[in-house]
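# Descriptive analysis of the structure
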Amino acid sequence: MTKLKKNLLAAGVLLAALAVAFGSFLLFAPQDATTALDTEPAVDARAVRDTSHRLTSPKKSELTIAEFLDFECEGCGAVYPTVERLRAEYGDRVTFVARYFPMPGHRNSTTAALAVEAAAQQGAFEAMYAKMFATQKEWGESKESKAALFRAYADGLGLDMAAYDTAVRAPATLRRIEADQRDGLGLGVQGTPTFFVDGIRIAPPSSYEEFKALIESRLAR
């Protein structure tokens, strides 16, 4: 056998092996739940809708701050204490809104959003929202599904678990998350956290002090 034929045969064997390996990867690799999301941007995208989840609802709102977030995003987890602090200070004047924006590459981002939305259907959005960020370091960046852990969180909150399970599986729950994501895409959101103040996207504040100064300047207008 000539050297050329040997090289061609070796190359053919290598390509065949790679094809088998790639096929096995496609067959057995865990699928990120975010790939199931409808990623078409909304034509009439809005930072806030009537159905958006509000963390504060002041009688007379002077400002609205909407955050597109991913519960598995470390940046969102890092800014969470700042948002909570500002919410405590300005909750009687500012409407704080949380919007789902699970990012591809995070194995449990959509799973977490489904759990939070299922809890929201029982009036426990804020409780589950807070639980996700409080425990993010325990489950974030995991390569395995944390659906069972999130279910345990729901049980711990005293939710009706039959209703919770039904909501998590319901297509309408996923569509609710998709609706937020589609708005975000339509508004040019490319990562999390992304904030909008009265519908205008802002550069992410680098500190509590910077965010507070921004709010104060807007309220003074």
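Predicted model only: the values in this text are computed from it and were never measured.

## Some remarks on the packing of helix α4 (residues 125–134) against helix α6 (residues 147–156)
Look at α4 against α6: their axes get within 11 Å of each other, and the N-to-C directions meet at 130°. Classified by the angle between their axes, α4 and α6 sit oblique to one another. Relative to α6, α4 is oriented so that their crossing is right-handed. Packed against α4, whose contacting residues are Met-128, Lys-131 and Met-132, the element α6 presents Phe-150, Tyr-153 and Ala-154 at the interface. Residues belonging to the contact of α4 with α6 are distributed by class as follows: five nonpolar, no polar and one charged.

## Regarding the layout of surface pockets
Quantified by volume, the largest pocket comes out at close to 180 Å³. Along its surface, the largest pocket is lined by Glu-72, Glu-74, Gly-77, Ala-78, Phe-133, Ala-134, Thr-135, Gln-136, Lys-137, Gly-140 and Glu-141. Mapped by element, the contributors of at least two residues to the lining of the largest pocket are α2 (74–90), α4 and α5 (136–139). The biggest single contributor to the lining of the largest pocket is α2, with three residues. Looking at the lining of the largest pocket residue by residue, the classes come out as three nonpolar, four polar and four charged.

## Here we look at the packing of aromatic side chains
Enumeration according to the criterion identifies 13 aromatic pairs in this entry. Ring centres 5.7 Å apart and planes at 25° place the aromatic pair Phe-125 and Tyr-129 in the stacked group. Residue Phe-125 and its partner Tyr-129 are both found in helix α4; the two are separated by four residues, about one turn of the helix. Each ring, one from Phe-150 and one from Tyr-153, has its centre 6.0 Å from the other, and the planes form 40°; the classification is tilted. A residue pair is termed a helical-turn pair when its members lie 3 or 4 positions apart in one helix, as Phe-150 and Tyr-153 do in helix α6 at three residues. With relative accessibility at 8%, the residue Tyr-153 sits in the buried group.

Thresholds applied
- Residues numbered from 1 in each chain as written.
- Predicted model: local features only at pLDDT ≥ 70, side-chain atom pairs only at ≥ 80, totals over all residues.
- Heavy atoms only, no water.
- Axes fitted to C-alpha atoms, helices over the stretch in contact; angles between N-to-C directions.
- Helix = DSSP H or I, 4+ residues; strand = E, 2+ residues; numbered from the N terminus.
- Parallel < 35°, antiparallel > 145°, perpendicular 65-115°, else oblique.
- Left-handed = near helix turned anticlockwise from the far one by under 90°.
- Contact = heavy atoms within 4.5 Å.
- Nonpolar A, V, L, I, M, F, W, Y, C, P; charged D, E, K, R; others polar.
- 1 Å grid on protein atoms, 1.4 Å probe; cavity = no way out; pocket = protein on both sides within 12 Å on 5 of 7 lines; lining within 4 Å.
- Points joined across faces, edges and corners; volume = space filled by probe spheres on them.
- Phe/Tyr/Trp six-rings, centres within 6.5 Å; stacked < 30°, edge-to-face > 60°.
- Buried < 20%, exposed > 50% of the residue type's maximum accessible area, 1.4 Å probe, protein only.

Such coordinate-based values are descriptive only and should not be taken to indicate function.
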